[in-house]
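Chains, contacts and geometry: an overview
One-letter residues, chain by chain:
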Amino acid sequence: MLKPLRQGLPPLDPAAVSSAASCALPARYEAVRESRKFTRRTLDQWDVGERFDDICLVVSELVTNALRHAVPGEPEHSAGPHAPAVRLHLMRWTERLVCAVRDPSHGTPAPRDSDDFSAESGRGLFLVDSFSDSWGWHPLAGALSGKVVWALFRLQPAE
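Being a predicted model, the structure only gives us computed values, none of them experimental.

Quick word on the nonpolar core
Counting 33 residues, the largest nonpolar core has L43, I55, L88 and L97 as the members making the most contacts within it. For this core, the secondary structure elements donating two or more residues are β1 (19-25), α1 (30-46), α2 (52-70), β2 (86-92), β3 (96-103), α3 (124-131), β4 (134-139) and β5 (147-154). Counting residues per element, this core draws most heavily on α2, which supplies nine residues. Among all residues touching L88, those that are not within four sequence positions of it are A21, S22, C23, L25, S35, F38, T39, V59, A100 and V101.

Set out below in structure tokens:
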């Protein structure tokens, strides 16, 4: 598997964005379910049927990774009013869709090398790589702290 770490999002013209949506997610594991619901509602509105399941799976993995590896402390116990949250962004262009998850960590997302295919965790970035057309991450700059991990999906042109 290629390791697309430290690469930025491929050039996409912001003026060509046809739709965008985002939501803040609390620092608790229920946020994964909330992110799937948000993604399903948004994709239904955008009529992105052909990649629907792939996109929902990747969003689940990106949010799970952010909660597990990027939120300080145990997510279940970090749900105070000032707890760092994860933010999900969905952006659609005519023939592309990007899912981006922002988190407060500066840690590098790294796929695990594992031969244990029965393990219950450790395959998140492998799934992201397998189901998206490309993925990567970049640190945030300026007043924002943390990083964004993104996945890009190519969409069929509208007929």
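Next comes the rest of the account.
Focus: a positive patch on the surface
Taken together, the side chains of R33, R36, K37, R40 and R41 define a basic patch exposed on the protein surface. Here R36 shows up in helix α1. Under the relative-accessibility criterion, R36 is labelled partly exposed at 32%.

Observations concerning the environment of V48
Take V48: it is sitting in the loop between α1 and α2. Separated by 49 residues in sequence, V48 and L97 place their C-alpha atoms 9.1 Å apart. Sequence-distant contacts of V48, that is, excluding residues within four places in its chain, are made with L43, I55, R92 and L155.

About the cut-offs
- Sequence order sets the numbering: in each chain, residues are counted from 1 along the sequence as written.
- Only residues with pLDDT of at least 70 are given local features in this predicted model, and only at 80 or more are side-chain atom pairs given and counted; all residues enter the totals for whole chains, interfaces and linings.
- Side-chain figures throughout are based on the complete set of non-hydrogen atoms in the structure, without hydrogens or water.
- What is meant by a nonpolar core is a set of buried Ala, Val, Leu, Ile, Met, Phe, Trp, Tyr and Cys residues, joined one to another through side-chain atoms within 4.5 Å.
- Burial classification: accessible surface area is computed with a 1.4 Å probe over protein chains only, and a residue below 20% of its type maximum counts as buried, one above 50% as exposed, and the rest as partly exposed.
- Elements are defined by DSSP. Helices are runs of H or I of four residues or more, strands are runs of E of two residues or more, and each kind is numbered from the N terminus.
- A contact between two residues is defined here by any heavy atoms of the two lying within 4.5 Å.
- The patches described consist of residues with a relative accessible area above 30% and no salt bridge, like charges being joined within 9 Å and nonpolar side chains (Val, Leu, Ile, Met, Phe, Trp, Tyr) within 5 Å.
- Every accessible area reported is derived by Shrake-Rupley at a probe size of 1.4 Å, with residue values counting cover from the shown protein chains alone.
- A side-chain nitrogen of Lys or Arg and a carboxyl oxygen of Asp or Glu constitute a salt bridge if their distance falls within 4 Å.
- His is not counted here, nor are the chain ends, while Lys and Arg score as positive and Asp and Glu score as negative.
- Charge positions are represented by NZ for Lys, CZ for Arg, CG for Asp and CD for Glu.

Taken by themselves, the reported measurements are silent on function.
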